[in-house]
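Residue-level structure breakdown
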Amino acid sequence: MNLAVLFGEIGFISRYKIIEGIRAHAAQDRANVVLYTSEGFLYEELEDYIKGEYAIYSLPALDQYDGVIVDLDSIQNQEATDSVREKIEKANIPCVSFDQVITNADVVYFDNCAGFRKLLEHLVQEHGIRDVVYLSGPKDNRDARERKDVFLNVMREHDIEIRKNQMYYGNFDFESGRQLVRDFMSAGRKLPQAFVAANDFMAIGIMGELKKQGIQIPDQVIVTGYDYCDLADLVVPSLSSVDRGEFRAGELAYDKLIERIRGTGTQSFCSVEGRPVIAHSCGCGDGKPVPNSDICADIQINRDGSFDLLKGLSIEFSNVDTLTDFERTMEKYISRMGMEFFYFCQCGSRESYYSELDIWAEGKAVDRDVTQFQSTVWCPIAYENGEWNSYTSFDINLLFPPNSLYKKEDSYYIVMPVHQGKVCIGYSIIGNFRTDLSGRVIQHLVLNIDQVLGNIRKQDIMKTMLAKINKKWQYDELTGLYNRSGMNVQSEILIEEACKQHKGIALMFFDLDGLKRINDTQGHEAGDQYIKRMAELLLTGKEEDDLAIRYGGDEYILISKQGSNEESKEKFEALKGLIQAEVSVSAGCVFRRIQSIEELKLLVEEADERMYQNKRDRKKVG
């Protein structure tokens, strides 16, 4: 059984608790769970980055799944939310939605009221709180709005006035809590009796900043949160919070979905009620601190060593500038991080990647929407339970490469976008990474991949641009032969090779006869064809290491490594015969063992003189 799960920003405690509930019951049925997720919400000020993140929700081919579980609120972007809703309704497969109604879908609601109300009643009735500052979540977030409404209603019921300067808004992260305290203290305001935050991360941020200011909790001020995250019991003092029942909600959502898949259930609407968790940060509990809890974040991050590996990966990525180097570096680290499967799938094919570089390098737009996935992808890197593989291009609707070794049951895969700003590069799949329950390591890993592949793409475009510039600088546009600049650059290499091989340099000088007459009588287009035909004959007669040069308007040079003067003359006569069979030329040849460009210039002068002598001799004969 294959289930798709569509969530936003799984690093939030409430999200991964739901996912863990889904996984717990899915494991009992040996079902595969494929989670599509993004973290655009964390970078809301970076418009292009957000577009790149939210493109992931266009990826899932829902007809490949037995059912889907979705949390539209977690996606935090109206355009992406509308697109996901439309996609699910069009697919018409069994669906369970959290909090938002989708046609024909079961809905599991979180009761944001009951548990939070009880916590607030506890503060007012047990602690006599009258002066309180509230830190809400984002104004456009439904959960944040509901919790704010509960807070204001409870305060109103107890005749507690809440002024505008007692209401703040954050982003559900630690920094929002820290910033609130910094703003509050810098304004010189009197401490309230309590700071109430709409989630635990913001509450823990408040606690951390208060400690820096030397303020004791709960002796001088009470702090409470919401979500009852894993850190709530680890901070000092332990945090009073609200357990939303996310794990139970995840289990319930899975069970409802299975009923719909098996045809044993009909559309239903049910809710999960939260409960207050009364702890030390409001002055309750047994007062017993958790040892070393001030470094709880380090305990969580370092227990499996994955972040240490990520640091090493980031350092090595700073020196990566080609796809080959990227693949080699990934192979070095992925196998050590503890995941069973890893796939990096890139849009298009290896061939189309390089063909598009030519277009980008010319400053032109490619003929496709670069913000969206292409219909095909290729997989340059596949780590499959200890084996390294790669796969050629395949239909993107398959998600995994055909014939790949991924497990088709009892597994959990996270799919995240890989992009450079709004430009979609592809996606990564991480499978059965059991030590990273919250997805934080995965998010940092994919962010690193975003950055290095974006840099590689920029460098590849720049290298292609430079190659084109060098080609224009070193090559004659009409014939494709080297020009004088190209001759100077390439001759140095050829002379060095000749010295190492104990060979000399043969320089052959050719001058087209009658070019002016053709231009005057037949036109310059005919003259150009005459010039190009001479170049074609020169290329036909040259060997792989030889340099063919258009030295001037009607002058050509061929430079060749030769072992002796006799070999040089033999090659010169053969080449001159090939050319004169079709084109009238005057020619001269010089052979000498040289070591520098300065000596080559002397050869050019000598061969030029011999060419003119040949021209004079031919005119006498003619």
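Calculation notes
Residues numbered from 1 in each chain as written. Predicted model: local features only at pLDDT ≥ 70, side-chain atom pairs only at ≥ 80, totals over all residues. Heavy atoms only, no water. Helix = DSSP H or I, 4+ residues; strand = E, 2+ residues; numbered from the N terminus. Rg over C-alpha atoms; globule rule 2.2 N^0.38 Å. Buried < 20%, exposed > 50% of the residue type's maximum accessible area, 1.4 Å probe, protein only. Contact = heavy atoms within 4.5 Å. Lys, Arg positive; Asp, Glu negative; His and termini not counted. Charge placed at Lys NZ, Arg CZ, Asp CG, Glu CD. Pairing = 2+ DSSP bridges. Axes fitted to C-alpha atoms, helices over the stretch in contact; angles between N-to-C directions. Salt bridge = Lys/Arg side-chain N within 4 Å of Asp/Glu carboxyl O. pLDDT = per-residue confidence, 0-100. Core = buried A, V, L, I, M, F, W, Y, C linked by side-chain atoms within 4.5 Å. Phe/Tyr/Trp six-rings, centres within 6.5 Å; stacked < 30°, edge-to-face > 60°. Polar contact = N/O pair within 3.5 Å; in protein donor to acceptor, adjacent residues only side chain to side chain. Expected span 1.5 Å × (residues − 1). Right-handed = clockwise from strand over helix to strand, strands pointing away.

1. Overview of the overall build of the chain
Along its length, the chain carries 19 helices and 21 strands. Rg of the C-alpha trace for the chain: 36 Å, well past the compact-globule value of 25 Å for 622 residues, more than 25% over. The dimensions of the chain, computed from C-alpha atoms along their principal axes, are 120 × 60 × 45 Å. Here the chain holds 622 residues, and the buried ones make up 54% of them. Within the chain, residue pairs in contact and separated by at least 24 positions form 72% of the contacts whose partners lie at least 6 positions apart. Taken as two groups, the 73 positive and 99 negative side-chain charges of the chain have centres that lie 3 Å from each other.

2. Points about the sheet that holds strand β11 (residues 269-273)
The mixed open sheet is built from eleven strands, whose spatial order is β11-β5-β4-β3-β1-β2-β16-β17-β13-β14-β15. Each end of this open sheet is capped by a strand with a single partner; those strands are β11 and β15 (387-395). Averaged over neighbouring strand pairs, the angle between their axes works out to 20 degrees when direction is ignored.

3. Examining the environment of V423
Positionally, V423 belongs in strand β17 (residues 423-431). When the C-alpha positions of V423 and K471 are compared, they lie 28 Å apart, and in sequence the two are 48 residues distant.

4. What about the sheet that holds strand β7 (residues 167-169)?
Judged by pairing direction, the sheet is parallel, and its four strands sit side by side in the order β7-β6-β8-β9 without closing on themselves. Edge positions in the open sheet fall to β7 and β9 (222-224), since each of these has one partner strand only. Across the sheet, the mean angle from the axis of one strand to that of its neighbour is 15 degrees, orientation sign disregarded. Looking at chain direction, strand β8 (residues 194-197) and β9 are connected through three bridges and run parallel. Along β9, the bridge assignment pairs F195 with V223. Strand contacts of helix α5 (residues 114-127): β6 (132-136), β8 and β9, with the helix running at about 170 degrees to β9, the strand carrying the most contacts.

5. Quick look at the pattern of salt bridges
Counted according to the given criterion, the structure contains 43 salt bridges. Measuring nitrogen to oxygen at the nearest pair gives 3.3 Å for the salt bridge that ties K364 to E362. On the basis of relative accessibility, which here comes to 43%, the residue E362 falls in the partly exposed class. Close ionic contact of K571 with D546 constitutes a salt bridge, the shortest N to O distance being 2.9 Å.

6. Side note on the confidence of the model for the chain
The pLDDT averaged across the chain works out to 90; a share of 94% of its residues lies at or above 70. Low pLDDT, under 50, characterises residues 287-304; the predicted model gives this stretch 20 contacts beyond four residues in sequence or across chains.

7. Structural notes on the nonpolar core
Core analysis: the biggest nonpolar cluster contains 58 residues, and F7, I69, F98, F326, F342 and L453 have the highest contact counts within it. In terms of residue count, helix α14 (residues 440-474) provides more of this core than any other element does, nine residues in total. Contacts of F342, omitting those with residues within four sequence positions, involve M330, I334, I381, A382, Y383, S428, I429, I430, L445 and I449.

8. Points about the packing of aromatic side chains
Evaluated as defined, the whole model comprises 22 aromatic pairs. Their ring planes at 85 degrees and their centres at 6.3 Å tell us that Y36 and Y65 sit as a pair that is edge-to-face. One end of the pair, Y36, is in strand β2 (residues 32-36); the other, Y65, is in the loop between α2 (47-54) and β3 (67-70), with 29 residues separating them in the sequence. The class for Y36 is buried, based on a relative accessible area of 1%.

9. Quick look at the side chain of D546
Relative to the helices and strands, D546 resides in the loop between α17 (524-541) and β19 (547-550). A relative accessible area of 6% means that D546 is categorised as buried. Among the polar contacts listed, one links the side chain of D546 to the backbone nitrogen of E543, at a separation of 2.8 Å. Once residues within four sequence positions are removed from consideration, D546 is found in contact with L558, I559, S560, K561 and K571.

10. Some words on unusual backbone geometry
With an omega of 5 degrees, the peptide bond between I217 and P218 qualifies as cis. Along the polypeptide, P218 turns up in the loop between α8 (200-212) and β9. The linkage connecting V236 with the following residue, P237, adopts the cis geometry, with an omega of -5 degrees. With respect to the element layout, P237 can be found in the loop between β9 and β10 (241-243). In this structure, R30 is a non-glycine residue whose phi angle is positive, near 55 degrees. Within the secondary structure layout, R30 lies in the loop between α1 (13-28) and β2. Overall, R30 belongs to the partly exposed group, its relative accessible area being 42%.

11. Considering helix α19 (residues 597-621)
Given a rise of 1.5 Å per residue, 25 residues ought to cover 36 Å, and the 36 Å separating the end C-alpha atoms of α19 matches this to within 8%. Close packing links the buried residues of α19 with α15 (484-500), β18 (504-512), β20 (555-562) and β21 (585-592).

12. Description of the pairing of β6
Summarising burial for β6: five of the five residues are buried, a large majority. As paired elements, β6 and β8 share four bridges and run parallel to each other. Paired with V132 across the bridge in β8 is A194. With three bridges joining them, β6 and β7 adopt parallel strand pairing. Within β7, the residue paired with Y134 across the bridge is M167. Since β6 and β7 lie parallel, the crossover through helix α6 (residues 142-157) that links them has a hand, and here it is right-handed.

13. A closer look at the environment of Q213
By the secondary structure assignment, Q213 is in the loop between α8 and β9. Considered as a pair, Q213 and Y391 are 178 residues apart in the sequence and their alpha carbons are 56 Å apart. Beyond its immediate stretch of four places on either side in the chain, Q213 contacts V181 and M185.

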